[in-house]
Amino acid sequence: MVSALALGLTVVALAVNTLVVAVLSRFFRIRLKTQWGWVVYTLLVSPVVLLVLGLIQGAVIPSPLFAGAAGLFLAVFIGVPLALGFTIELLYVPPPEEYDLPATE
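Conventions used here
- Residues numbered from 1 in each chain as written.
- Predicted model: local features only at pLDDT ≥ 70, side-chain atom pairs only at ≥ 80, totals over all residues.
- Heavy atoms only, no water.
- Axes fitted to C-alpha atoms, helices over the stretch in contact; angles between N-to-C directions.
- Helix = DSSP H or I, 4+ residues; strand = E, 2+ residues; numbered from the N terminus.
- Parallel < 35°, antiparallel > 145°, perpendicular 65-115°, else oblique.
- Left-handed = near helix turned anticlockwise from the far one by under 90°.
- Contact = heavy atoms within 4.5 Å.
- Nonpolar A, V, L, I, M, F, W, Y, C, P; charged D, E, K, R; others polar.
- Expected span 1.5 Å × (residues − 1).
- Buried < 20%, exposed > 50% of the residue type's maximum accessible area, 1.4 Å probe, protein only.
- Bend = angle between axes of the 7 residues up to and from the residue.
- Phe/Tyr/Trp six-rings, centres within 6.5 Å; stacked < 30°, edge-to-face > 60°.
- Polar contact = N/O pair within 3.5 Å; in protein donor to acceptor, adjacent residues only side chain to side chain.

Asks: Tell me about the packing of helix α2 (residues 37–60) against helix α3 (residues 70–92), residues and numbers included.
Replies: Interhelical geometry of α2 versus α3 gives an angle of 140 degrees and a closest axis separation of 9 Å. Between α2 and α3, the crossing angle belongs to the class labelled oblique. For α2 against α3, the interelement crossing comes out right-handed. Between α2 and α3, the residues in contact are W38, V39, T42, S46, P47, L50, L51, G54, L55 and Q57 and F73, F77, I78, P81, L82, F86, E89 and L90, respectively. Taken together, the residues that form the contact of α2 with α3 break down as 13 nonpolar, four polar and one charged.

Asks: Go over helix α1 (residues 4–31) with me, naming the residues and quoting the values.
Replies: Within an α-helix, residues lying three or four positions from one another point in the same direction, as the helix has 3.6 residues per turn. With 28 residues, α1 extends 41 Å between its outermost C-alpha atoms, agreeing within 8% with the 40 Å of an ideal straight helix rising 1.5 Å per residue. When α1 is considered as a whole, its buried residues turn out to be A6, T10, A13, N17, T18, V21, A22, L24, S25, R26, F28 and R29. Buried residues in α1 make contact with α2 and α3.

Asks: Can you lay out α2 for me, pointing to particular residues and giving the numbers?
Replies: Look at α2: 34 Å from first C-alpha to last across 24 residues, which is about the 34 Å you get at 1.5 Å a residue. Remark: the principal bend of α2, roughly 25 degrees, maps to V45, with a proline, P47, within the next four residues. Where α2 is concerned, the buried positions are G37, W38, V39, T42, S46, L50, G54 and Q57. On its buried face, α2 sits against α1 and α3.

Asks: So what about the side chain of S25? Which residues, and what values?
Replies: The topology assignment puts S25 in helix α1. Assessed through its relative accessible area of 0%, S25 is described here as buried. Leaving out residues up to four positions away in the same chain, S25 has contacts with W38, T42, G85, F86 and E89.

Asks: I'd like to hear about the packing of aromatic side chains, residue by residue, with values.
Replies: Under the defined criterion, the tally for this structure stands at three aromatic pairs. Seen in terms of ring centroids, F28 and Y41 are 5.6 Å apart; in terms of plane orientation they differ by 55 degrees. Their pairing is tilted. Taken together, the residues span a long stretch of sequence, with F28 in helix α1 and Y41 in helix α2 at a distance of 13 residues. Classification of F28 by relative accessible area gives buried; the value is 10%.

Asks: I'd like a description of the environment of T34, backed by residues and values.
Replies: Mapped onto the secondary structure, T34 falls in the loop between α1 and α2. The spacing of T34 and L19 is 15 residues in sequence and 23 Å in space, taken between C-alpha atoms. Polar contacts involving the side chain of T34 include one to the main-chain amide nitrogen of G37, which spans 2.9 Å.

Asks: Let's hear about the side chain of R26: which residues, and what values?
Replies: Note that R26 resides in helix α1. Contact partners of R26, with chain neighbours within four places excluded, come to E89, V93, P94, P95, P96 and Y99.

And the structure:
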């Protein structure tokens, strides 16, 4: 049986991983000047970062929910946050081109 604490910590881990992907995709979108470079970097680098975070979070969360279920672990800690973070950054955050920055010399 899954405890309320484990379920709550899993939801918090999902939110943290989503935030990490949103920040990483924004960083790549600002730094890379190519049209598709930031998308490729987001889809290739973010899962590696999420895997490391998921392994750390999986060691902290005392849940039998992920015991022996690698597919469920990958879906919850990598797949869903990757999709949510990328969607939030792409659809709900204004593009970097819309911001007016002061001129630097």
